[in-house]
Every structure is written in C-alpha cells, then in structure tokens.
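Coordinate inspection notes
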Amino acid sequence: AIPEAGLARLRACVRRNTLGEANAPANNGATALAQTRMEAVLTELQEAPFSGKKIDLLVMRPTTRQAYVALISNGSSLYTTTDKARHGDVGVADISYNGIRMMTDRHCGRGLILFLHTASWKLAQLKSADIEDIDGNVLSRVPNYDAYEGHVSWYYNTICSMPNANGALHGFDYPG
C-alpha cells in the first residue's frame, strides 16, 4: 500500500468545466468552454498537493481548438498587434492561453484540454528503433511490384514521472 503522503504525489488535477462539481449535468457537453475554468486548472496546479510546476503545453482535439477560437473571437480576450498594417486573415494561425503554447492532436478526447508540464513526461525504451532481419533478409521484394519493403521495430512507452504536475479540463461543449 502507498502511504497517504505518496498518494498526494500521484494525483493529477482533473476538473469539469462546470462550477458546481458535485451537481454537474449528466451531459458532458452541457456548457460552453469558459476562460474561468481554464484559469482554475492552472491555479489549482500551483496549490498543494500538486507540484507547482509551470504548465508549458496545452493539448486538445482540433474540434476543441475550434471551441477555444470561438471563445477568444468575441474580441474582449483576443490579443492582437496593431503597430502596423498587416495582411488580412480571418483565421488564427498560432494560439496560446496565458502564454502557454497550444497544439492539436486528433487522438485527444473530445471536449478535453490537457494541461501538461512536458518535463514530467519521459520516453522509456526497451529497444531503440532498428531495422529487423526477417527470414534472413533486411529488405524483401514486394511481390508483383518493382519495390522493396523492410520492417522496423521500436519497443517503447511514454510515461509520466510526476502526474501531479499535469491537469485536464473536460465537460464542455465542443463543435463536431
């Protein structure tokens, strides 16, 4: 059994987008993405029992990015430079929140934003990437084609060495 002090180190911050955590609606897509809830995750990760490490990457699905762009498109929270005339473009190329870079990944869950301290994530390898010798050949001819194929294997896993340095926000409405 892990002592209680050890459990605090293993906890990650997961928060719903609704303010009433216990009375959250059953439908996960019930509320719009809110800046106050994003800030609440960042703030909570600075408090005990969390690590207090700086979040340096937000990961979300492309449709979740669309919800964030809708949130900042009202103009009151969007920062733009106006020191000189620029090319007109309605879209948003690079986005961030509170100076934290955002990236999209289609494998991230819908209606979910991951708040990551990237230094707490490690690549654990049992065997580095290498070309395999299958049936005595490194390269094999592809039947009926003028082509060759090979097999590369890489035995690894991504692990988090400090879960309490990371957080997640879920339970908000998302497009798509």
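Everything quoted here is computed from the prediction, not taken from an experiment.

1. With respect to the nonpolar core
Counting 19 residues, the largest nonpolar core has Met38, Leu58, Tyr68, Met102, Ile113 and Phe115 as its most contacted members. Elements represented by at least two residues in this core include exactly helix H2 (35-44), strand S2 (57-60), helix H3 (62-72), strand S4 (100-104) and strand S5 (112-116). It is H2 that provides the largest number of residues to this core, a total of 3 residues. Excluding residues within four positions of it along the chain, Leu58 makes contact with Met38, Tyr97, Ile100, Arg101, Met102, Met103, Ile113, Leu114 and Phe115.

2. Things to note about the environment of Leu42
Within the element layout of this structure, Leu42 appears in helix H2. If sequence neighbours within four positions are ignored, Leu42 has contacts with Ile55, Tyr97, Asn98, Ile100 and Phe115.

3. A word on the confidence of the model for the protein chain
Averaged over every residue, the pLDDT of the protein chain is 79; residues scoring 70 or more account for 73%. S2 holds the highest mean pLDDT among the elements of the protein chain, 94, whereas helix H1 (residues 4-10) holds the lowest, 50.

4. Things to note about the side chain of Arg61
Locating Arg61 in the fold gives a position in the loop between S2 and H3. One buried charged residue, Arg61, forms no salt bridge at all, with the nearest opposite charge on Asp105 at 7.2 Å. Aside from chain neighbours lying at most four places away, what touches Arg61 is Thr104, Asp105, Arg106, His107, Cys108, Gly109, Arg110 and Leu112.

5. Some thoughts on unusual backbone geometry
Note the cis peptide between Ala48 and Pro49, where omega equals 10°. Here Pro49 is to be found in the loop between H2 and S2. Its identity is not glycine, yet Asn98 carries a phi of approximately 55°, on the positive side. Summarising the element assignment, Asn98 is placed in the loop between strand S3 (96-97) and S4.

6. Quick word on the pairing of S4
Examined bridge by bridge, S2 and S4 share 4 bridges and lie parallel to one another. Note that in S4 the partner of Leu58 across the bridge is Met102. As defined by bridge partners, S3 adjoins S4 across 2 bridges and the pair is classed as antiparallel. Residue Tyr97 lies in a different strand from S4, and its bridge partner there is Ile100. Connecting the antiparallel pair S3 and S4 is a turn made up of 2 residues, with Asn98 showing a positive phi of about 55°.

Parameters and conventions
- Residues numbered from 1 in each chain as written.
- Predicted model: local features only at pLDDT ≥ 70, side-chain atom pairs only at ≥ 80, totals over all residues.
- Heavy atoms only, no water.
- Core = buried A, V, L, I, M, F, W, Y, C linked by side-chain atoms within 4.5 Å.
- Buried < 20%, exposed > 50% of the residue type's maximum accessible area, 1.4 Å probe, protein only.
- Helix = DSSP H or I, 4+ residues; strand = E, 2+ residues; numbered from the N terminus.
- Contact = heavy atoms within 4.5 Å.
- pLDDT = per-residue confidence, 0-100.
- Lys, Arg positive; Asp, Glu negative; His and termini not counted.
- Salt bridge = Lys/Arg side-chain N within 4 Å of Asp/Glu carboxyl O.
- Pairing = 2+ DSSP bridges.

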